Amino acid sequence: MRLSSATRPETASAVSHDPIAAAAPPPLVDAARLRAGIRRAARAVDRHAAALTRLDAVLGDGDHGDNLATGFRAVLELLDELPAETPPGDLLRAVGHRLVATVGGASGPLYGTACIEAGFHAGDVAVLDPPLVAGMLEAAAAGLARRGRCAVGDKTILDTLRPAADALGAALAGGASPAAAQWAAIEAGRRGMRSTAGMIARRGLALRLGERSIGHRDPGAVSCLVLLLALAER
Amino acid sequence: MTVPIVSDPVGGVDPSPDSRADDPELTRLRARVAQLEREHRRAFEQAQREADVLFAQYQLSQLVATAATPSELSRSVVIELVRLAGAESGALWLADAGGDGLTLVAATGPINQTLPERLADLDAARRLTAADPARELVVLGDEPPATVLVLTAPPGRTLDRDGLRIAQLARHELAVAFVGARLGAALDREREELRSVVAGATDAIVQVDEARRVVRLNPAAERLLGVDDTAIGRTCDEVLGCAVAGGHGEDHCPLAEVLASGQSIAYRETALRGGEGESIQVAGGYSRAPMTPGGPIRATAILRDVSAVRALEQLREGFVATVSHELRTPLALVRGYAESILHLELAPDQEREYVDRIHQVTSRLGDLVDQILDVTHLDADPLILERAPVAFASLVARCRGDLALSGEDSRLVVDLADDLPPIDVDSARIGRVLENLVGNALKYAPAGSPVKIGASVSDGWLWATVDDEGVGVPEEERGLVLEPFHRAWNVRESRIPGTGLGLYICRRLVEAHGGRLSLGERPNGAPGTRASFSMPILAGARLQAAELRGHRSVGPPRG
């Protein structure tokens with residue numbers, strides 16, 4: 001997720017607590033910046049793989065981190081294969097298909113679907129502006145909810161992704177700077193991720209645990225925040 | 001989704017008036033493009049739906065594959081299928097193992113009407129859904145045995161056809177999973193039962209592998225050998241210590257024997273080294289079996305500590321020898337008198353005397369047989385006492401009453417305080433003890449001499465004393481006379497009859513109550529014997545007795 005302040009630089013001071021607001025306005029997201037974000041995501045997944053797998057060992061079948069790491073290694077290979085001029089939308093769709101094909105377990109199709117939907121939403125524009133990024137995140141959340149047949153509160157990836165998408169759209173609509181909106185989205189995602197600890201799992205393998213799933217953060221919700229943080233423009 | 005499937009400019013973003021707007025060819029082309037776009041979108045949405053269904057199937061299979069127990073499985077399946085079918089609620093009935101009806105095992109969501117816990121058969125399930133158009137019956141697996149799921153659509157809505165299709169596609173997989181989960185649960189239960197049998201066994205069970213390394217020990221074995229589970233992995237020579245304990249030579253290990261031959265040993269006695277290095281006699285069986293066909297070979301020993309049995313056998317042998325001796329002596333006497341009467345011409349008064357002697361001897365034999373029976377009872381099983389609160393004074397009174405028949409009650413001198421606490425004893429048994437001790441006192445003391453009965457309280461016990469003015473028990477014999485068939489030397493030679501069992505029986509009966517019996521000298525150097533024994537004071541009366549002791553000068557008796 002990369003936001004540009006270029007379109008509405010006058011809103012940069014709208015959110016006073018924003019620590020990013022003072023930074024230099026980030027440029028529009030083009031294919032190169034998106035590739036850099038995806039590479040950051042791959043590194044972040046690699047760093048957090050062991051922790052994610054440990055979390056998943058409690059609730060699922062203990063392979064979430066390793067599966068994602070495998071998938072993102074395949075995504076890095078894909079980035080090298082694709083021509084540099086591939087537009088962001090096409091890039092995201094290709095990444096989504098690669099994730100579906102390489103990540104074991106349910107998270108592959110779910111993250112893959114999110115990327116594909118976001119890619120479709122981007123169309124073939126060469127540069128993503130903040131409202132388009134917000135729309136892409138919304139499309140990703142909606143697609144993931146449809147494929148996973150899940151809702152907020154089910155203790156899934158969506159518990160991070162949905163509040164993040166909502167917060168990004170709302171912040172931009174409210175006139176926040178892209179950097180502030182990005183901050184708001186990350187914070188909403190973080191709160192959502194934390195809230196999964198108190199939930200009873202209603203989707204996925206953790207479903208069989210029932211009330212015993214309470215007290216543990218959902219590995220999918222955690223990995224989603226890891227990805228959002230990595231993709232965020234800095 | 002509002003995704004532009006076909007990118008601009010075909011989407012008609014620029015509908016501005018065109019100079020060639022009326023061009024029929026252009027209009028036709030535009031319509032064609034729009035139609036293609038619609039078809040493209042339909043195909044895309046169709047593909048997306050198929051992908052959704054595929055993913056849902058995958059998730060369901062994963063859930064089914066990982067559920068561990070039948071209850072976990074049924075709960076997960078209900079929740080998942082309710083979600084898939086877009087239902088408001090769902091309930092699952094599982095066919096009973098015996099094929100006799102179905103039982104409700106899981107339900108989720110608001111259920112409008114109370115669901116029956118039991119369904120007699122599939123038809124009952126069909127009636128349940130036929131009555132309500134919002135309900136849909138999903139039969140999982142072939143019937144019988146069937147598992148049925150009833151899903152209820154939310155008000156005003158219908159169930160998702162794709163979801164129901166997935167359920168139908170997965171029905172066999174689900175049925176197999178339910179059978180598997182049920183079998184798994186049954187196996188777990190059986191394994192648990194077997195484990196508790198092994199753990200609860202009082203016989204020691206030791207299992208070794210082909211190299212005679214211990215792979216399993218039950219708690220009884222750990223207790224017997226004085227080891228813990230660190231013994232696992234060590235050789236049976238180390239753990240059992242048979243060779244050290246002299247059980248068998250190095251080359252004669254029964255476990256090695258069954259491992260080599262495959263033949264079970266039904267019974268063998270050997271010796272082990274116990275926890276304190278002592279040698280323990282054990283008897284048991286040895287067998288060899290593969291745990292599972294083709295699995296690792298194991299030899300199992302089931303052993304019982306027979307040290308106590310062996311000791312008892314020795315005691316029994318001694319007992320039989322003594323009893324036969326005790327019986328033979330009076331029998332020889334009887335036979336002698338009887339033969340005299342038969343073969344000799346005796347004067348009538350002499351004949352009468354012999355008959356009188358026979359009568360006496362047979363009475364003694366009768367007593368002996370009675371006492372042997374008592375001893376047998378004492379040895380056979382733990383004595384079951386019928387305890388009840390009773391006053392010691394009433395036991396003394398009963399004893400005096402019995403003596404009144406022979407007129408010897410006049411020799412009894414009873415000196416008991418009025419405020420003795422009640423005792424908690426089997427009054428028949430303690431009555432016998434008292435009777436026996438008083439009988440001894442009367443028997444071994446000069447005719448007409450007094451026999452004194454006293455009692456005092458000490459530390460929760462009532463100590464009774466029986467004092468006589470008889471010959472006394474030599475100091476070195478005081479312990480021995482409490483053993484079976486032992487009579488002190490100073491009475492053995494006397495003509496006073498006795499079996500040597502009376503005091504032994506008394507001791508066992510007193511000990512059964514937790515008390516002690518001892519023989520000693522009378523206080524203040526008076527001639528004769530003091531027999532004393534203790535009896536438990538009734539629990540509630542102890543405190544009171546302790547207080548009383550503070551005011552009285554009654555101490556525990558000597559000896």
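The shown structure was predicted, so the numbers you read here are calculated from the model rather than taken from an experiment.

Examining the overall build of chain A
Then comes step 1: Broken down by element type, chain A carries eight helices and two strands.
Then comes step 2: Ordering the α and β elements of chain A from the N terminus gives β-α-α-α-α-β-α-α-α-α.
Then comes step 3: Counting across all 234 residues of chain A, residues that qualify as buried make up 60%.

Topic: the sheet that holds strand S9 (residues 279-290) of chain B
Residues and elements named next belong to chain B.
Then comes step 1: Taken together, the five strands give an open sheet; going across it, the order is S7-S6-S10-S9-S8, and neighbouring strands pair in antiparallel fashion. Pairing within the sheet leaves two strands with one partner each, and these edge strands are strand S7 (214-217) and strand S8 (265-273). Here the strands of the sheet are splayed against their neighbours by 30 degrees on average, with no regard to which way each runs.
Then comes step 2: As judged from the seven bridges shared by S8 and S9, these two strands associate in the antiparallel manner. Bridged to Leu-272 within S9 is Ile-280.

Thoughts on the sheet that holds strand S15 (residues 461-467) of chain B
All names here are of chain B.
Then comes step 1: The sheet built from five strands is open, its strands ordered S12-S14-S15-S17-S16 with mixed pairing. Here the strands that pair on one side only, and so sit at the sheet edges, are strand S12 (412-415) and strand S16 (517-521). Between one strand and the next, the sheet's axes are offset by a mean angle of 25 degrees, whatever the strand orientation.
Then comes step 2: Note that strand S14 (residues 451-458) and S15 share seven bridges and pair antiparallel.

Some details on the confidence of the model for chain B
Residue and element names in this part refer to chain B.
Then comes step 1: Taken over all residues, the pLDDT of chain B has a mean of 82, while the share at 70 or more is 87%.
Then comes step 2: Low pLDDT (under 50) marks residues 1-13, which in the prediction has 17 contacts with non-local residues, meaning those over four places away or in another chain.
Then comes step 3: In this model, residues 550-559 is a region of pLDDT below 50 whose contacts with residues beyond four sequence positions or in other chains number 19 contacts.
Then comes step 4: The ipTM for the predicted assembly is 0.81, set against a pTM of 0.58.

Notes on helix H8 (residues 254-261) of chain B
Residues and elements named next belong to chain B.
Then comes step 1: All of the buried residues along H8 are Pro-254, Leu-255 and Val-258. Buried residues of H8, viewed axially, fall in a sector of 105 degrees; they line one side.
Then comes step 2: Next to the buried residues of H8 lie strand S6 (204-208), helix H7 (236-240), S8, S9 and strand S10 (297-305).
Then comes step 3: Within two residues after H8, Gly-262 carries a phi angle of roughly 80 degrees, on the positive side.

Description of the interface of chain A and chain B
Then comes step 1: On the side of chain B, 19 residues touch chain A, which itself brings 16 residues to the contact.
Then comes step 2: Residue assignment for the side of chain A that touches chain B shows that the elements contributing at least two residues are helix H4 (107-122) and helix H5 (130-148) of chain A.
Then comes step 3: Looking at the side of chain A that touches chain B residue by residue, the classes come out as six nonpolar, three polar and seven charged.

A short note on the pairing of strand S17 (residues 529-536) of chain B
Residues and elements named next belong to chain B.
Then comes step 1: With seven of eight residues buried, S17 is to be regarded as a mostly interior element.
Then comes step 2: One ladder, built from seven bridges, connects S15 with S17; its direction is antiparallel. By the bridge assignment for S17, Ala-464 is matched with Phe-533.
Then comes step 3: Note: S16 against S17, five bridges, orientation antiparallel. Bridging from a neighbouring strand, Glu-521 pairs with Thr-529 of S17.

As for the pairing of S9 of chain B
Residues and elements named next belong to chain B.
Then comes step 1: In this structure, the hairpin formed by S8 and S9 is closed by a connection of five residues, where Gly-277 is found at a positive phi of approximately 80 degrees.
Then comes step 2: Summarising the sheet, S9 and S10 pair through nine bridges and their orientation is antiparallel. The residue of S10 that forms the bridge with Arg-288 is Ala-299.

Some remarks on the environment of Arg-516 of chain B
Residue and element names in this part refer to chain B.
Then comes step 1: Within the secondary structure, Arg-516 sits in the loop between helix H14 (502-512) and S16.
Then comes step 2: Measuring from C-alpha to C-alpha, the distance between Arg-516 and Phe-533 comes to 5.4 Å, with 17 residues separating the pair along the chain.
Then comes step 3: Not counting chain neighbours up to four residues away, the residues in contact with Arg-516 comprise Val-510, Phe-533 and Ser-534.

Observations regarding the nonpolar core
Then comes step 1: Among the nonpolar cores identified, the biggest contains 114 residues, and Leu-137, Ala-164 and Leu-168 of chain A are the most heavily contacted of them.
Then comes step 2: In this structure Leu-168 of chain A touches Ala-134, Leu-137, Ala-181 and Ala-185 of chain A, once residues within four positions along its chain are discounted.
Then comes step 3: Listed in part, the 42 residues of the second largest apolar core include Val-457, Ala-531, Phe-533 and Ile-537 of chain B.

Describing unusual backbone geometry
Glycine aside, residues mostly have negative phi angles, and peptide bonds mostly take the trans form.
Then comes step 1: Here the phi dihedral of Arg-149 of chain A falls at roughly 45 degrees; this positive angle occurs in a residue that is not glycine.
Then comes step 2: You can see Arg-149 of chain A is positioned in the loop between H5 and helix H6 (158-173).
Then comes step 3: Exposure remark for Arg-149 of chain A: the 19 C-beta atoms within 10 Å place this residue in the partly exposed category.
Then comes step 4: Positive phi is not limited to glycine here, since Asp-459 of chain B has a value of about 50 degrees.
Then comes step 5: Structurally, Asp-459 of chain B is set in the loop between S14 and S15.
Then comes step 6: Take Asp-459 of chain B: there are 12 C-beta atoms within 10 Å of it, and that puts it in the exposed class.

Describing helix H5 (residues 171-200) of chain B
Then comes step 1: Between the first and last C-alpha of H5 of chain B there are 43 Å, a value that for 30 residues agrees with the 44 Å anticipated at 1.5 Å per step.
Then comes step 2: Residues of H5 of chain B that are buried: Leu-174, Ala-177, Phe-178 and Ala-181 of chain B.

Structural notes on the environment of Leu-76 of chain A
Residue and element names in this part refer to chain A.
Then comes step 1: Residue position: Leu-76 is located in helix H2 (residues 64-81).
Then comes step 2: For Leu-76, a count of 16 C-beta atoms within 10 Å puts it in the partly exposed group.
Then comes step 3: As a C-alpha pair, Leu-76 and Arg-39 span 37 residues in sequence and 6.8 Å in three-dimensional space.

Some remarks on the packing of helix H11 (residues 392-403) of chain B against helix H12 (residues 427-444) of chain B
Residues and elements named next belong to chain B.
Then comes step 1: The geometry of H11 relative to H12 is characterised by a closest axis approach of 10 Å and an angle of 55 degrees between their N-to-C directions. By the angle class used here, H11 and H12 are oblique. In this structure, H11 meets H12 at a crossing whose hand is right-handed. In this structure, H11 uses Leu-395, Val-396, Arg-398, Cys-399 and Asp-402 to contact H12, whose residues at the interface are Ser-427, Ile-430, Gly-431, Leu-434, Glu-435 and Val-438.
Then comes step 2: Across the contact of H11 with H12, the residue classes tally to six nonpolar, two polar and three charged.

A short note on the packing of helix H3 (residues 88-102) of chain A against H4 of chain A
Residues and elements named next belong to chain A.
Then comes step 1: Two elements in contact, H3 and H4, have axes whose closest approach is 7 Å; the angle formed by their N-to-C orientations is 165 degrees. Relative to H4, H3 is oriented roughly antiparallel. Considering only the axes of H3 and H4, their crossing is left-handed. Touching Pro-88, Gly-89, Asp-90, Leu-92, Arg-93, Val-95, Gly-96, His-97, Leu-99, Val-100 and Thr-102 of H3 are Gly-108, Pro-109, Tyr-111, Gly-112, Thr-113, Cys-115, Ile-116, Ala-118, Gly-119, Phe-120 and Ala-122, all from H4.

Cut-off values and rules
- Residues numbered from 1 in each chain as written.
- Chains lettered and ligands numbered in written order.
- Predicted model: local features only at pLDDT ≥ 70, side-chain atom pairs only at ≥ 80, totals over all residues.
- Helix = DSSP H or I, 4+ residues; strand = E, 2+ residues; numbered from the N terminus.
- Buried ≥ 20, exposed ≤ 12 C-beta atoms within 10 Å, placed from the backbone.
- Pairing = 2+ DSSP bridges.
- Axes fitted to C-alpha atoms, helices over the stretch in contact; angles between N-to-C directions.
- pLDDT = per-residue confidence, 0-100.
- Contact = placed C-beta atoms within 7 Å.
- Arc of directions from axis to C-beta.
- Nonpolar A, V, L, I, M, F, W, Y, C, P; charged D, E, K, R; others polar.
- Core = buried A, V, L, I, M, F, W, Y, C linked by C-beta atoms within 7 Å.
- Expected span 1.5 Å × (residues − 1).
- Parallel < 35°, antiparallel > 145°, perpendicular 65-115°, else oblique.
- Left-handed = near helix turned anticlockwise from the far one by under 90°.

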